[in-house]
Amino acid sequence: MNTIEVLSKGNRVKLTDDQNVSLMKRALELANKSVVAGNHPFGALIVLDGKIVLEAENTVNSDSDLTRHAEMNAVVQSCRLLNEIERGRSILFTSTEPCAMCAGALYWAGIKTVVYGCSAKKLDEIAGVTLICHSRTVFDGAVNSPKVYGPLLEDAAAAQHLSFWPSLSSKLL
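Before going into details, it helps to say that this report is about the structure given with it. Just so you know, the residues in each chain are numbered from 1, in the order the chain's sequence is written. pLDDT decides what is reported in this predicted model: residues at 70 or higher carry local features, side-chain atom pairs at 80 or more are listed and counted, and totals for whole chains, interfaces and linings draw on all residues regardless. Calculation of side-chain values draws on the structure's entire complement of heavy atoms; hydrogens and water are dropped beforehand.

**Looking at the sheet that holds strand β6 (residues 113-118)**
Next, step 1: Sheet architecture is open: 5 strands sit in the order β4-β3-β5-β6-β7, paired in mixed fashion. Each edge of the open sheet carries a strand with a single partner, namely β4 (51-57) and β7 (147-149). Neighbour to neighbour, the strand axes of the sheet diverge by 20° on average, direction disregarded.
Next, step 2: Relative to β6, strand β5 (residues 91-96) runs parallel, the two being bridged by 5 bridges. Bridge pairing in β6 places Ile91 opposite Thr113. At least two DSSP bridges between two strands are required for those strands to pair. Secondary structure elements are taken from DSSP: a helix is a run of H or I of four residues or more, a strand is a run of E of two residues or more, and numbering for both begins at the N terminus. Axis lines are fitted to C-alpha atoms, over the contacting stretch for helices. Their N-to-C directions set the angle, which ranges from 0 to 180 degrees.

Structure representation (structure tokens):
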């Protein structure tokens, strides 16, 4: 994986591969928690200055709100907790590549770095294609677009989706 580097208080902060893996594992744990709570397998967290400042799960079913993706929940929390400069220094780690809605929210919130586990392409293979406009497509049309890294731990992230959508994923076997 490429080195993830962000500007923090005038200094460049680099996350090590071990830190990246650890943070992604936490996002995958949050995705598992989402499933236990009756939601879809998506989890996200925001890191500022190398530390987790907030965590979010998908709450689409429990909130009866189709916009409550893990990344959207993280963006909403970040706007309440962090100022614009802090959001610009933050990194979003998410179990799966953000959809177009979440990518737009990340852009407008000013979060400049995104790291994902399962790619949108892999998710489409597992769960079926629903929207072919994912984060990179949205960010390609943006001024000062966020840096996107991934997939990271894609096999582990994809396994969550394979077990969540077994009727669809069984067609892949």
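**Thoughts on the layout of surface pockets**
Next, step 1: Put simply, the largest pocket is a space of about 510 Å³.
Next, step 2: With a 1 Å grid laid over protein atoms only, a set of points is called a cavity when a 1.4 Å probe fits there but cannot get out and a pocket when it is open yet has protein on both sides within 12 Å along at least five of seven lines; lining residues have an atom within 4 Å of a point. The wall of the largest pocket is formed by 21 residues, among which Phe42, His69, Cys99, Leu123 and Thr130 lie closest to the centre.
Next, step 3: Broken down by element, the lining of the largest pocket gets its largest block of residues, 4 residues, from helix α5 (residues 120-127).
Next, step 4: As a working rule, the residues Ala, Val, Leu, Ile, Met, Phe, Trp, Tyr, Cys and Pro are called nonpolar, Asp, Glu, Lys and Arg charged, and the rest polar, with Gly in that last group. Across the lining of the largest pocket, the residue classes break down as 11 nonpolar, 7 polar and 3 charged. Grid points are joined across faces, edges and corners, and a volume is the space filled by probe spheres set on the points.

**Here we look at the packing of aromatic side chains**
Next, step 1: The pairing test for Phe, Tyr and Trp rings, Trp by its six-membered ring, is centres within 6.5 Å, and the orientation test on the planes gives stacked under 30 degrees, edge-to-face over 60, and tilted for anything in between. What the rule picks out here adds up to 3 aromatic pairs.
Next, step 2: Note on Tyr107 and Trp108: the rings are 5.0 Å apart at their centroids and 80° apart in plane angle, and the pair reads as edge-to-face.
Next, step 3: For each residue, the accessible area found with a 1.4 Å probe, counting protein chains only, is set against the maximum for its type, and the residue is called buried under 20%, exposed over 50%, and partly exposed in between. We classify Tyr107 as partly exposed; its relative accessible area is 22%.
Next, step 4: We classify Trp108 as exposed; its relative accessible area is 72%.
Next, step 5: Between the aromatic rings of Phe164 and Trp165, the centroid separation amounts to 4.7 Å while the plane-to-plane angle is 85°, which identifies the pairing as edge-to-face.
Next, step 6: Taken together, Phe42, Phe164 and Trp165 form an aromatic cluster joined through their ring pairs.

**Quick notes on helix α4 (residues 100-109)**
Next, step 1: By the criterion of burial, α4 is predominantly enclosed, with 7 of the 10 residues buried.
Next, step 2: Buried residues belonging to α4 abut α2 (70-81), α3 (84-89), β5, β6 and α6 (135-140). Contact definition: two residues touch when any of their heavy atoms are within 4.5 Å.

**As for the pattern of salt bridges**
Next, step 1: Just to be clear on terms, a salt bridge is a Lys or Arg side-chain nitrogen sitting within 4 Å of an Asp or Glu carboxyl oxygen. By the definition in use, this model includes 5 salt bridges.
Next, step 2: Between Lys33 and Glu57 there is a salt bridge, with the nearest N and O atoms lying 3.4 Å from each other. Here Lys33, found in helix α1 (residues 17-36), pairs with Glu57, found in strand β4; they are 24 residues apart in sequence, far enough to count as distant.
Next, step 3: Of the charged contacts in the structure, one is a salt bridge between Lys122 and Glu125, with a shortest N-O distance of 3.7 Å. Remark: Glu125 and Lys122 occur in helix α5; sequence separation between them is 3 residues, near one turn of the helix.
Next, step 4: Take Lys122: its relative accessible area is 28%, and that puts it in the partly exposed class.

**Some points on the side chain of Asn73**
Next, step 1: The topology assignment puts Asn73 in helix α2.
Next, step 2: Setting aside residues no more than four positions away along its own chain, Asn73 makes contact with Ala56, Glu57, Asn58, Thr59 and Arg68.

**What about the nonpolar core?**
Next, step 1: Side-chain atoms within 4.5 Å are what join buried Ala, Val, Leu, Ile, Met, Phe, Trp, Tyr and Cys residues into a set we call a nonpolar core. Membership of the largest hydrophobic core comes to 30 residues, with the highest contact counts inside it found for Ile46, Ala74, Val75, Leu92, Leu106, Ile111 and Phe139.
Next, step 2: Breaking this core down by element, the ones donating at least two residues are β3 (43-48), β4, α2, α4, β6, α5 and α7 (154-164).
Next, step 3: Examining the composition of this core, we find that 5 residues originate from one element, α4, more than from any other.
Next, step 4: Setting aside its immediate chain neighbours within four residues, Ile111 contacts Ile46, Val75, Ser78, Arg87, Ser90, Leu92, Leu106 and Pro146.

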